[in-house]
Amino acid sequence: GLEQAAGLEPLDVAFDGPPGWRMVDRFAGFRYEVMGNVIGVGFRQATSEKATQLGCFGWAQNTERGTVVGEVRCAKSVAPAMKEWLGAGPPKRRGGEGTGKDYEKTKIKLHF
């Protein structure tokens, strides 16, 4: 289309418009890795349930290092709550720490 001919990606509209209406103003995305007692305590299932409760989506998987890694996309308003939950995890988890990397310009492709 015309946008591609002009050298624009179809989702570049995510950065156009007034603050508050742009996708980058409304959505957050981040990757995470959680260490500690995270294998065999229902961490991935509990993460999925918390994400659903907050309206987030993404994925989580165990690693050979005994950690859980994943990615989350959600509304900016709930991202801090999801990050905080990932740091604490489900009740069976004790101790550990986590790291994360925010995506500064999160784009979510909307499907109809």
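That block above? That's the structure.
Bear in mind that the values here come from a model prediction, so they are computed numbers and not experimental data.

Draft legend 1. The arrangement of the overall build of the protein chain in detail. A count of helices and strands for the protein chain gives 4 helices and 4 strands. Its helices and strands in sequence order give the protein chain the pattern α-α-β-α-β-β-α-β, from N to C terminus. Put simply, the protein chain shows about 7400 Å² of open surface, and 54% of that area lies on carbon and sulfur atoms.

Draft legend 2. Spotlight on the pattern of salt bridges. This model, assessed by the stated rule, comprises 3 salt bridges. In this structure, R65 and E33 form a salt bridge, with 2.4 Å as the shortest nitrogen-oxygen distance. Highlighted residues: R65 in the loop between strand 2 (57-62) and strand 3 (68-75) and E33 in strand 1 (residues 27-34), separated in sequence by 32 residues. Between R73 and E71 there is a salt bridge, with the nearest N and O atoms lying 4.0 Å from each other. Through salt bridges with shared partners, one network takes in R31, E71 and R73.

Draft legend 3. Spotlight on the environment of P91. By secondary structure assignment, the location of P91 is in the loop between helix 4 (79-88) and strand 4 (98-102). P91 sits 45 residues away from A46 along the chain, and the two C-alpha atoms are 9.5 Å apart.

Draft legend 4. Main features of the packing of helix 3 (residues 43-54) against helix 4. With their axes 11 Å apart at the nearest point, helix 3 and helix 4 run at an angle of 160 degrees to one another. The angle between helix 3 and helix 4 falls in the class roughly antiparallel. The two elements helix 3 and helix 4 meet at a crossing, and its hand is right-handed. Facing helix 3, whose interface residues are F43, A46, T47, K50, A51 and L54, helix 4 presents A81, M82, W85 and L86.

Draft legend 5. Molecular detail of the side chain of E33. Residue classification places E33 among the buried residues on the basis of a relative accessible area of 18%. A distance of 2.4 Å separates a polar atom in the side chain of E33 from a polar atom in the side chain of R65. One polar contact links E33 to T67, side chain to side chain, over a distance of 2.8 Å.

Draft legend 6. Layout of the side chain of T47. Tracing the backbone through its elements, the reader meets T47 in helix 3. You can call T47 buried: its relative accessible area is 5%. In contact with T47, not counting residues within four places along its chain, are Y32, M82, W85 and L86.

Draft legend 7. How the structure looks around helix 3. Over its 12 residues, helix 3 runs 16 Å from end to end, which matches the ideal 16 Å to within 8%, given 1.5 Å per residue. Of the residues making up helix 3, those classed as buried are F43, A46, T47 and A51. Viewed end-on, helix 3 has its buried residues packed into an arc of 140 degrees, placing them on one side of the element. Residues of helix 3 that are exposed and point more than 90 degrees away from the buried face comprise Q45, T52 and Q53. Close packing links the buried residues of helix 3 with strand 1, strand 3 and helix 4.

Cut-offs applied
Residues numbered from 1 in each chain as written. Predicted model: local features only at pLDDT ≥ 70, side-chain atom pairs only at ≥ 80, totals over all residues. Heavy atoms only, no water. Helix = DSSP H or I, 4+ residues; strand = E, 2+ residues; numbered from the N terminus. Areas by Shrake-Rupley, 256 points an atom, 1.4 Å probe, with all protein chains shown as cover. Salt bridge = Lys/Arg side-chain N within 4 Å of Asp/Glu carboxyl O. Axes fitted to C-alpha atoms, helices over the stretch in contact; angles between N-to-C directions. Parallel < 35°, antiparallel > 145°, perpendicular 65-115°, else oblique. Left-handed = near helix turned anticlockwise from the far one by under 90°. Contact = heavy atoms within 4.5 Å. Buried < 20%, exposed > 50% of the residue type's maximum accessible area, 1.4 Å probe, protein only. Polar contact = N/O pair within 3.5 Å; in protein donor to acceptor, adjacent residues only side chain to side chain. Expected span 1.5 Å × (residues − 1). Arc of directions from axis to C-beta.

Bear in mind that shape data such as this cannot, by itself, settle questions of function.
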